[in-house]
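Summary of structural features
Chain by chain, the residues run as shown.
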Amino acid sequence: VEALIPEHQRDAWKKFQAKPWVSKDDFEKEVVRHVETTLARSMFNCDETAAYAAASLAFRDRLITEWNRTQQRQTFADTKRVYYLSLEFLMGRALDNAMLNVGLKNVAKEGLSELGFRIEDIINQEHDAALGNGGLGRLAACFLDSMASLNFPAWGYGLRYKYGIFKQEIVDGYQVEVPDYWLDFNPWEFPRHDIVVDVQFYGGVRKYQDDDGKNVAVWEGGEIVRAVAYDVPIPGFNTPTTNNMRLWSSKAASGEFDFQKFNSGDYESSVADQQRAETISAVLYPNDNLDRGKELRLKQQYFWVAASLYDIVRRFKKSKRAWSEFPDQIAIQLNDTHPTLAIVELQRILIDMEGLDWDEAWAIVTNTFGYTNHTVLPEALEKWSVPLFQNLLPRHLQIIYDINMFFLQSVERKFPGDRDMLARVSIIEESQPKMVRMAFLAIVGSHKVNGVAELHSDLIRTTIFKDFVKIFGPDKFTNVTNGITPRRWLHQANPRLSELIASKTGGLGFLKDLNVLNELEKFADDKEFKKEWAEIKYANKVKLAKYIKSTTGVTVNPSALFDIQVKRIHEYKRQQLNIFGVIHRYLTIKAMTAEERKKLAPRVSIFGGKAAPGYWMAKTIIHLINNVGAVVNKDPDVGDLLKVIFLEDYNVSKAEIITPASDISEHISTAGTEASGTSNMKFVLNGGLIIGTCDGANIEITREIGENNIFLFGNLAEDVEDLRHTHNYGSHTLDPDLVKVFDLIKSDAFGDAGAFGALTGSIEDHGDYYLVSDDFHSYIKTQALVDEAYKNQDEWITKTILSVARMGFFSSDRCINEYAEMIWNVEPLPVEKESGLGKEE
Ligand code: NTF
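Residues numbered from 1 in each chain as written. Predicted model: local features only at pLDDT ≥ 70, side-chain atom pairs only at ≥ 80, totals over all residues. Heavy atoms only, no water.

Section: the environment of Trp304
Looking at the secondary structure, you find Trp304 in helix H11 (residues 295–318). Trp304 gets classed as buried once you look at its relative accessible area, which sits at 0%. Put simply, Trp304 and Pro387 are 83 residues apart on the chain and 21 Å apart in space, counted from C-alpha to C-alpha. Once residues within four sequence positions are removed from consideration, Trp304 is found in contact with Leu85, Ser86, Leu87, Tyr157, Gly158, Leu159, Trp248, His338 and Pro339. (Helix = DSSP H or I, 4+ residues; strand = E, 2+ residues; numbered from the N terminus. Buried < 20%, exposed > 50% of the residue type's maximum accessible area, 1.4 Å probe, protein only. Contact = heavy atoms within 4.5 Å.)

Laid out in structure tokens, this is it:
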């Protein structure tokens, strides 16, 4: 390729080629240069914001040279690539991550200090990239980190929302949502105005036979919206590999507003088209585990899928390979059903645009896609109304009907005469209006379907997708248990613990092979080691205590047991069970003598998490937590024995402070409802124990760390259905301790009880769907065991060390290797290590 460029030009390019800086002096030089030129400031008016900007730009320059090298390498090697399609990427902050991954954080720390700044202050200037709701979006972010760290040629494709997940404020105990405009200054993205795709909506389909008698469908009319690419470099840890996350932003295809209308004085409608187009990528839908079926959401999905597939197909076509080789070159993973339209879009491209026949195209499509299911909750399974589809994407609806017809024909051949089966598995639900079942479409259009933890994968095989297991055979369905990146969730969030582990295991190798943590087992009874281990936990708790003081005004004792539940607020995750347990504890303390109180382990109950703006019950739970805190925290009978904290605006960067500071964390969903959970893994990896139900990844965590090191309680998934049935059709008596809790709430002890009527009522009068009462006794008893265990600090610390030592399995590197082998069939493609990576240990 190089030979095409004349020699003298080549020389000039090479002579001045950008070289990544490595030394402290070079770093400072780059920072000063960016302050003085890019930002047009000077040493006299460089505040922390400007220093953050300049430091980020210095690191961005470094990343981008590696990014270029990686992309060139991947293009020339022409091997199979992975495309991870996710409507959410919950990235959090990028600067700290970039510094650690290229191994230059200490260099930057010294450099910044010489320029007059503390690195922590600079890191804290950054606004989180919060393009996700919770676990699903954060999983995508961990996967990008792992794919780059393992040198997989892999791209993420998503939407560049102008507004990420809202900011949460707590006003008088209530959640208030504030828009999250995060793009004010974002040095981590590269607008690619040269990479645009025009995406069509609405219109109609004209069908005819061409001269060869072939059926042709033309989708015409409607409107066009332009997708513009924004690229974000994703650096791997201790490797030059820097992958790409491409986010699409929408704008009007004309790029301008309507001048004719403008000139005739119709100012409002002259900008209307532009605004309509920009609305598509304006805001992230703030629902977690809930599908709302709004047209704009379907528009987002198609906009993103169409632009991404156009891009992928364009890249493939440059290789001049035969279409049949498409699945050998490309693996596309669907992060939940949100990108399922990609299946239909690829089929459309192949048959309508590229002229392949149906079967040939369909074989390519199904061999390309893999689908990950992340939930069994019925309210979260996506369905789209057929009339909505017909209007917005008429050609796609036709193709879906054809996919369904061929699929049902194959089912009929396999199970002749089984009408019920046909109705059950049809991609079209025969309701009023008819609905497209996206999960079924995703299964039919993929070669592999996976759940995200063993229990969850078993559940999908035996419940929601059981007919499909009969139809396609069991091999199509598999499990890949979720994981987390140890780079962010140990090294970055808990640097002192990471350092201690490195000192005992021979360096930072454990960050690339988390099973190395096993070596810590031999220190589980080492006095000196345990002391350092405990000191680090204490320091992390002090840090969180300071944060709590500064944000809520409440003083908490860092020696108390820190009990943390941070995650989206949802009835199935059962924060209500936790707060009822707290009220029960409050009642118990109030009834104790002074002598008895002395024996109790002091506790701080910490909550955090956002409620979807339209989820009234979740908001009620937040309100109750805050009101309980207001009463308990100032009750002199209670003192340090119990504090109740609600941390505002839980997000990734706050999780980095909160996670290392837990003694125990709560993962207490109704059995069978939490597909995996990933914060459970983060807390254990940071030396905290878990109280949890037999649900999601808790089960595998128990298998790995041993049942002596976890506090499990509650009914099992297999009993849930029967219990619900008894609630509704048998006798339903509430747990007597829970009744006392309800009585206290009803006495207006936490403000007007009317505000909590729906919450208590859902349990007393409406069937207690989430089994709060059924699990209450077991929960309270198990919390008492936690109190007892915590009193023996020596044993407690040993438990936490053993647990960390056994967490290697939960690295997202392990998951990515499993996806690569079982689903994608791709190999790593290392980039030569010529330019200087930092050698920091
Ligand atoms: C979530 N699913 C699950 O609720 C979590 O248990 C799981 O850890 C994450 O996915 C990641 O796998 C969803 O957010 C969704 F969208 F599927 F409902």
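Once the structure has been displayed, the description carries forward.
Digging into the nonpolar core
Within the largest apolar cluster, 160 residues are counted, with the highest numbers of intra-cluster contacts made by Phe201, Trp248, Phe389, Phe510 and Trp824. With 11 residues, H11 is the largest single contributor of residues to this core. Ignoring anything within four residues of it in the chain, the contact list for Phe201 reads Trp219, Gly221, Gly222, Glu223, Val225, Ile280, Lys299, Tyr302, Phe303, Leu392 and Leu393. Counting residues in hydrophobic clusters, the runner-up holds 52 residues, among them Val582, Ile583, Ala611 and Val644. (Core = buried A, V, L, I, M, F, W, Y, C linked by side-chain atoms within 4.5 Å.)

A short note on the domain arrangement of the protein chain
In terms of domains, the protein chain is made up of domain 1 (19–77 + 94–127), domain 2 (78–93 + 129–402 + 437–479) and domain 3 (557–793). A C-alpha centroid distance of 36 Å is found between domain 2 and domain 3. Every contact between the two is made by 36 residues of domain 2 and, on the other side, 36 residues of domain 3. Interface area for domain 2 against domain 3, summed over the two sides, is near 2,700 Å², with a carbon-plus-sulfur share of 56%. Our count for the contact surface shared by domain 2 and domain 3 stands at 2 salt bridges. At the junction of domain 2 and domain 3, the tally comes to 12 residue pairs in polar contact (both at pLDDT 80 or more). The set of elements that each furnish at least two residues to the side of domain 2 that touches domain 3 consists of strand S2 (89–92), helix H7 (135–149), strand S5 (167–171), strand S6 (174–178) and helix H19 (454–462). Its residues placed into classes, the side of domain 2 that touches domain 3 shows 14 nonpolar, 12 polar and 10 charged. (Domains from an automatic or database assignment. Buried area = accessible area lost by both parts, 1.4 Å probe. Salt bridge = Lys/Arg side-chain N within 4 Å of Asp/Glu carboxyl O. Polar contact = N/O pair within 3.5 Å; in protein donor to acceptor, adjacent residues only side chain to side chain. Nonpolar A, V, L, I, M, F, W, Y, C, P; charged D, E, K, R; others polar.)

Quick look at the site of the ligand
Residues in close proximity to the ligand total 15 residues, the closest being Asn289, His374, Asn482, Glu674 and Gly677. Residue His374 places a side-chain N or O atom 2.6 Å away from an oxygen atom belonging to the ligand. At a separation of 3.0 Å, an oxygen atom of the ligand approaches a polar backbone atom of Ser676. Starting from 420 Å² of accessible surface for the ligand in isolation, the protein chains cover 94%. Of the residues contributing to the shell around the ligand, the split by class is 5 nonpolar, 7 polar and 3 charged. When residues are assigned to domains, the shell around the ligand turns out to be shared by domain 2 (78–93 + 129–402 + 437–479) and domain 3 (557–793), each giving three or more. (Near = heavy atom within 4 Å. Areas by Shrake-Rupley, 256 points an atom, 1.4 Å probe, with all protein chains shown as cover.)

Section: the pairing of S6
For a regular strand, side chains alternate in direction, first toward one face of the sheet and then toward the other. Two strands pair when backbone bridges link them, and S5 and S6 are joined in this way by 5 bridges, in the antiparallel orientation. The residue of S6 that forms the bridge with Ile170 is Gln175. Hairpin connection from S5 to S6: 2 residues lie between these consecutive antiparallel strands, with Asp172 at a positive phi of about 50°. (Pairing = 2+ DSSP bridges.)

What to know about the side chain of Glu666
Relative to the helices and strands, Glu666 is located in strand S22 (residues 664–667). As a buried residue without a salt bridge, Glu666 has its nearest oppositely charged side chain in Arg603, at a separation of 4.9 Å. Side chain to side chain, Glu666 and Asn578 meet in a polar contact 3.5 Å long. Not counting residues up to four positions away in its chain, the partners in contact with Glu666 are Asp563, Ile564, Gln565, Lys567, Asn578, Ile691, Tyr779 and Gln783. (Lys, Arg positive; Asp, Glu negative; His and termini not counted.)

Observations regarding the packing of aromatic side chains
Considering all chains together, one arrives at 34 aromatic pairs under this definition. Ring geometry for Phe316 and Phe326: centres 4.9 Å apart, planes at 70°, overall edge-to-face. Here the residue Phe316 occupies a position in helix H11, and Phe326 occupies one in helix H12 (residues 326–329), the gap between them amounting to 10 residues. The same class applies to Phe316 and to Phe326, which are both buried. With centroids separated by 6.2 Å and ring planes inclined at 35°, the aromatic side chains of Trp323 and Phe326 adopt a geometry described as tilted. The pair Trp323 / Phe326 is uniform in exposure class, with both members buried. Taken together, the aromatic side chains of Tyr371, Phe407, Phe440, Phe465, Phe468 and Phe472 make up a single cluster linked through ring pairs. Sitting over the ring of Trp155, Arg315 keeps its end group 4.0 Å from the ring centre. Here the guanidinium or amino end of Lys610 rests over the ring plane of Phe166, the centre of that ring lying 5.7 Å away. (Phe/Tyr/Trp six-rings, centres within 6.5 Å; stacked < 30°, edge-to-face > 60°. Lys NZ or Arg CZ within 6 Å of the ring centre and 35° of its normal.)

A look at helix H30 (residues 717–729)
Along an α-helix, residues three or four positions apart point the same way, because every turn accommodates 3.6 residues. Of the positions making up H30, those classed as buried are Val720, Leu723, Arg724 and His727. Within H30, the buried residues cover an arc of 105° as seen down the axis, which keeps them to one side. Across H30 from its buried face, at more than 90 degrees, point the exposed residues Glu718, Glu721, Asp722 and Tyr729. The elements touched by buried residues of H30 are helix H33 (772–791). (Arc of directions from axis to C-beta.)

What to know about the environment of Thr782
In this structure, Thr782 sits in helix H33. Separated by 90 residues in the primary sequence, Thr782 and Gly692 place their C-alpha atoms 9.6 Å from one another. For Thr782, the contacting residues outside a window of four places in its chain are Ile691, Phe711, Leu712 and Phe713. For Thr782, the side chain forms a polar contact with the main-chain oxygen of Ser778, separated by 2.6 Å.

Quick look at the environment of Ile823
With respect to the helices, strands and loops of the structure, Ile823 is situated in helix H35 (residues 812–824). What makes Ile823 buried here is its relative accessible area of 5%. Each C-alpha atom, one on Ile823 and one on Arg437, is 23 Å from the other, the two residues being 386 residues apart in sequence.

A look at the pairing of strand S9 (residues 215–220)
Sheet topology note: the strand S8 (residues 204–209)/S9 ladder contains 6 bridges and is antiparallel. Opposite Val205, over in S9, you have Trp219 as the bridge partner. Counting the residues between successive antiparallel strands, the hairpin from S8 to S9 contains 5 residues, one of them, Gly213, with a positive phi of roughly 80°.

Things to note about helix H24 (residues 575–591)
Over its 17 residues, H24 runs 24 Å from end to end, which matches the ideal 24 Å to within 8%, given 1.5 Å per residue. Of all 17 residues in H24, 13 are buried; the element is thus mostly enclosed. (Expected span 1.5 Å × (residues − 1).)

Here we look at the side chain of Arg69
By the element assignment, Arg69 lies in helix H3 (residues 48–77). A relative accessible area of 18% means that Arg69 is categorised as buried. In terms of polar contacts, Arg69 uses its side chain to reach the side chain of Glu66, at 3.2 Å.

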